[in-house]
Amino acid sequence: MGKFKKHETVSYLILLDVLKDLVKTRQLKCVVANGDIMDLSILSSFAKYHTEIRPQERTVQKEIWDSQAQLNKIQAIINKSKYPIKQLATFGNHETRLSKVAMAWGRAFEDLEAFKIQNLFPDWEWSMSHLVDDTVMIKHRMRGGIHTAYQNSMRAGMNLITGHTHQLNQRTFNTYSTSSMSVQTGHLSETYHPYLEDNVANDWNNGFAVITIDPIEKSIHPELVQVNNLYRTAYFRGKKYKV
């Protein structure tokens, strides 16, 4: 646990500050951990490559501890609020690496409690997707590629919020009778991962989204918070945050 601060990224620290300010306004109704709260790269197909260039790759247990510590800091902010705040979480493809390991041992291990994400992070309501106010679907991923936001808005048939691609953007898709928006929420992890093989991820953006939902008009209104890692800053509602 002592090494946790190494994994407190600029975007994560700014998120904490923004959450504190939103709690003060009493406008924060829900916090969503939209998948991939753990990387678990040591379980991936890149694990051998990671071990060769990063011998100190975190074990599964160390990464669980780090992720619990990160969510605990968010939990502390929520606990200090004087009103209820809902906590939702979605299964990302990285979390499922844990259950895949258990299933590789055979069906005898499919109900092993130690491998269930809900037991590791019990304060959050876990699901593959969440439909909020009959207005927006929140899930970790739908389509992929550089045109993910457009594809999602076109195919979902309703407002959709996803993570997965590390892109931070939004797109709308309109017909004669409907309008739907897709929001991608960026990422809070390190700016570089070894599996990039020293390449630049051109469409990755550190940051997050604050989204207002109007259940009457069936619309969503996102505010994208893009983080400048060089200057360790971000802007939200006219305020400059620096860590």
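It should be noted that the structure appears before, not after, this text.
Given the structure is predicted, the values throughout are model-derived calculations rather than measurements.

Q: Explanation requested: the environment of R26 in the structure shown.
A: Along the chain, R26 falls in the loop between α1 (10-25) and β1 (30-33). Among the residues examined, R26 registers a relative accessible area of 44% and is labelled partly exposed. Beyond its immediate chain neighbours, meaning those up to four positions away, R26 contacts K82 and Y83.

Q: Please clarify how the pattern of salt bridges should be interpreted in this entry.
A: Note that side chains of opposite charge can pair when their charged atoms are close. For the structure shown, the criterion picks out eight salt bridges. One salt bridge connects E8 with K73, and the closest N-O pair in it is separated by 2.6 Å. A residue pair is termed long-range when its members are at least 10 positions apart, and E8 in the segment before α1 and K73 in helix α3 (residues 60-79) qualify at 65 residues. Among the residues examined, E8 registers a relative accessible area of 14% and is labelled buried. Between D134 and K218 there is a salt bridge; the shortest N-O distance is 3.6 Å. A residue pair is termed long-range when its members are at least 10 positions apart, and D134 in the loop between β4 (129-132) and β5 (136-139) and K218 in the loop between β9 (207-214) and β10 (219-226) qualify at 84 residues. Connected via shared salt-bridge partners are D21, K24 and K239.

Q: What is the right way to read the sheet that holds strand β3 (residues 125-127) from this model?
A: Pairing between the strands of a sheet comes from backbone hydrogen bonds, and it takes one of two forms, parallel or antiparallel. As summarised here, the arrangement of the three strands in space is β1-β2-β3, forming an open sheet in which the pairing is parallel. Looking at which strands have only one partner, the edges of the open sheet turn out to be β1 and β3. Taking each pair of neighbouring strands and ignoring which way they run, the sheet shows an average axis angle of 25 degrees.

Q: Would you explain the side chain of T162 in this entry?
A: Note on placement: T162 falls in strand β6 (residues 159-162). For T162, a relative accessible area of 1% puts it in the buried group. Apart from the residues lying within four places of it in its own chain, the contact partners of T162 are N34, K139, H140, R141, M142, N152, V183, Q184 and T185.

Q: For this particular structure, what's the right way to read the pairing of strand β8 (residues 179-185)?
A: Every other side chain in a regular strand lies on the same face of the sheet, so the side chains alternate between the two faces. Counting buried residues along β8, six of its seven residues qualify, which places the element largely inside the surrounding structure. The antiparallel hairpin formed by strand β7 (residues 168-174) and β8 contains four residues in its connecting segment.

Q: What's the story with the nonpolar core in this structure? I'm lost.
A: A general tendency of soluble globular proteins is for nonpolar side chains to be buried together. By size, the foremost hydrophobic cluster in this structure holds 39 residues, and its most contacted members are I74, F121 and W124. Sort the elements by how many residues they give to this core and α1 lands first, with nine residues. Every residue in contact with I74, bar those within four places of it in the chain, is listed here: L15, L16, L19, V31 and W124. Counting eight residues, the second largest nonpolar core, distinct from the first, contains L88, V132, V136 and M181.

The rules we used
- Residues numbered from 1 in each chain as written.
- Predicted model: local features only at pLDDT ≥ 70, side-chain atom pairs only at ≥ 80, totals over all residues.
- Heavy atoms only, no water.
- Helix = DSSP H or I, 4+ residues; strand = E, 2+ residues; numbered from the N terminus.
- Buried < 20%, exposed > 50% of the residue type's maximum accessible area, 1.4 Å probe, protein only.
- Contact = heavy atoms within 4.5 Å.
- Salt bridge = Lys/Arg side-chain N within 4 Å of Asp/Glu carboxyl O.
- Pairing = 2+ DSSP bridges.
- Axes fitted to C-alpha atoms, helices over the stretch in contact; angles between N-to-C directions.
- Core = buried A, V, L, I, M, F, W, Y, C linked by side-chain atoms within 4.5 Å.

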